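Geometric and topological summary
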Amino acid sequence: MAQLYFRFSTMNAGKSTEILKIAHNYEEQNKHVLLFTPSIDDRYGRGRITSRMGIKRDALIIDEKTDMLALAREAGPDCVLVDEGQFLTREQVVALTRIVDELDVPVIVYGLKNDYRNRLFSGSEALLLFADKIEEVKAVCWHCPKKATMLLKTKDGRPVGDGPQIEIGGNDTYTSVCRKCYKKKLEIK
């Protein structure tokens, strides 16, 4: 029985590496996967899932016009994989549930749960509501040995706690931190 999985973490937990590994494992068994990535994430080029380890692969681009259900019906995949799920809309998450429910195809979505302001992304909120299984991918705090659960944004070397929710960036902009270090860096009491 197919299910919708949401696997979340902070940055630098290996989410994109996991997607690429899963795709490889399916294809090694002569099974077909569909890979999707939102158009907004263009750090490594639009339509690419790229791991910081250097592994990369082309993926179908999701934008406001993409009909993922129609693409899945046409392709007949054994699995659908989605990177950067936090950038999905609620309607796109519902479309993923239809792939699971109507086509009986498992869908695995990886993404961030919360932004640097410690607020849910809309895609993550929808995934938390609609997913059959929710799993955390562990990451380690940049400043101590605790588990990272939050993102710390820096600008000009200083922690930033306010601003627009979405600003695409990598290690130069965001670090994964535990709650204690997040509060300490932003001077939250």
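The preceding data block contains the structure.
As a starting point, this report considers the structure included with it. (Residues numbered from 1 in each chain as written. Predicted model: local features only at pLDDT ≥ 70, side-chain atom pairs only at ≥ 80, totals over all residues. Heavy atoms only, no water.)

So, about the overall build of the chain. For the chain, the helix and strand inventory stands at 5 helices and 11 strands. By its C-alpha atoms, the chain is 50 × 30 × 30 Å across when sized along the principal axes. Within the chain, the proportion of its 189 residues that are buried is 47%. Sequence-distant contacts, at least 24 apart, represent 76% of the contacts inside the chain between residues at least 6 apart. (Helix = DSSP H or I, 4+ residues; strand = E, 2+ residues; numbered from the N terminus. Buried < 20%, exposed > 50% of the residue type's maximum accessible area, 1.4 Å probe, protein only. Contact = heavy atoms within 4.5 Å.)

Taken together, the side chains of Lys146, Arg179, Lys180, Lys183, Lys184 and Lys185 present a region of like positive charge at the surface. Examined against the element boundaries, lysine 146 turns out to sit in the loop between strand S8 (133–136) and strand S9 (150–155). (Patch = residues over 30% accessible without salt bridge, like charges linked within 9 Å, V, L, I, M, F, W, Y side chains within 5 Å. Areas by Shrake-Rupley, 256 points an atom, 1.4 Å probe, with all protein chains shown as cover. Salt bridge = Lys/Arg side-chain N within 4 Å of Asp/Glu carboxyl O. Lys, Arg positive; Asp, Glu negative; His and termini not counted. Charge placed at Lys NZ, Arg CZ, Asp CG, Glu CD.)

Okay, the packing of helix H2 (residues 68–75) against helix H3 (residues 90–103) next. At a minimum axis distance of 8 Å, the contact between H2 and H3 shows a crossing angle of 30°. Regarding the angle of H2 to H3, the classification is roughly parallel. Note on element contacts: H3 touches H2 through Gln92, Ala95, Leu96, Arg98, Ile99, Glu102 and Leu103, opposite Met68, Leu69, Ala72 and Arg73. Along the lines of polarity and charge, the residues of the contact of H2 with H3 split into 7 nonpolar, 1 polar and 3 charged. (Axes fitted to C-alpha atoms, helices over the stretch in contact; angles between N-to-C directions. Parallel < 35°, antiparallel > 145°, perpendicular 65-115°, else oblique. Nonpolar A, V, L, I, M, F, W, Y, C, P; charged D, E, K, R; others polar.)

Look at helix H1 (residues 15–28): 20 Å from first C-alpha to last across 14 residues, which is about the 20 Å you get at 1.5 Å a residue. Buried residues along H1 sit against strand S1 (4–9), strand S2 (33–38), strand S3 (48–50), strand S4 (56–58), strand S6 (79–82) and strand S7 (107–112). After H1 finishes, the residue asparagine 30 shows a positive phi value of roughly 60°. (Expected span 1.5 Å × (residues − 1).)

Packed helices, taken two at a time, are described by the angle their axes make and the gap between the axes. Relative orientation of the contacting elements H3 and helix H4 (residues 122–130) amounts to 35°, with a least axis distance of 8 Å. When the axes of H3 and H4 are compared, the crossing they make is right-handed. Here H3 contributes Arg90, Val93, Val94 and Thr97 to the contact with H4, which in turn contributes Gly123, Ala126, Leu127, Leu129 and Phe130. Split into classes, the residues belonging to the contact of H3 with H4 amount to 6 nonpolar, 2 polar and 1 charged. (Left-handed = near helix turned anticlockwise from the far one by under 90°.)

Given 3.6 residues per helical turn, the α-helix brings residues three or four places apart onto the same face. Counted at 1.5 Å a residue, the expected span for H3 with its 14 residues is 20 Å, and the 19 Å between its end C-alpha atoms agrees. Listing the buried residues of H3 in full gives Gln92, Val93, Ala95, Leu96, Thr97, Ile99 and Val100. Buried residues along H3 sit in contact with S1, strand S5 (60–62), H2, S6, S7 and H4. Backbone geometry just downstream of H3 places aspartate 104 in the positive-phi region, at approximately 55°.

This part is about the side chain of serine 9. By the element assignment, serine 9 lies in strand S1. Within polar-contact distance, the side chain of serine 9 engages the backbone oxygen of valine 137 at 2.5 Å. Those residues in contact with serine 9 that lie beyond four places of it in its chain are Lys15, Gly111, Leu112, Lys113, Val137, Lys138 and Ala139. (Polar contact = N/O pair within 3.5 Å; in protein donor to acceptor, adjacent residues only side chain to side chain.)

Turning our eyes to something else, we now look at the nonpolar core. For soluble globular proteins, the rule of thumb is that nonpolar side chains tend to be buried together. Ranked by size, the top nonpolar core spans 24 residues in total, and within it Leu4, Val80, Val82, Leu96, Ile99, Val107 and Val109 carry the most contacts. Where this core is concerned, the elements lending two or more residues are S1, S2, H2, S6, H3, S7 and H4. Residue contributions to this core peak at 5 residues, all from H3. Those residues in contact with isoleucine 99, other than ones at most four positions away along the chain, are Met68, Leu69, Ala72, Val80, Asp104, Val105 and Val107. In terms of nonpolar packing, the next biggest core, distinct from the first, is built from 17 residues, Ile19, Leu81, Tyr110 and Val137 among them. (Core = buried A, V, L, I, M, F, W, Y, C linked by side-chain atoms within 4.5 Å.)

Moving on, we get to the sheet that holds strand S10 (residues 158–160). Working definition: the strands of a sheet are paired by backbone hydrogen bonds and lie parallel or antiparallel to each other. Overall, antiparallel pairing links the 3 strands, which are arranged S10-S9-S11 in an open sheet. The sheet terminates laterally at S10 and strand S11 (174–177), the two strands that pair on one side only. The mean inter-strand angle of the sheet, taken between neighbouring strand axes irrespective of direction, is 45°. Inspection of the sheet shows S9 paired to S10 by 3 bridges, in the antiparallel sense. Counterpart to lysine 155 in the pairing with S10 is arginine 158. Its contacts with the sheet put helix H5 (residues 179–186) on S9, S10 and S11, and the angle it makes with S9 is roughly 30°. (Pairing = 2+ DSSP bridges.)

Note that all results are geometric; they support no functional claim without further evidence.
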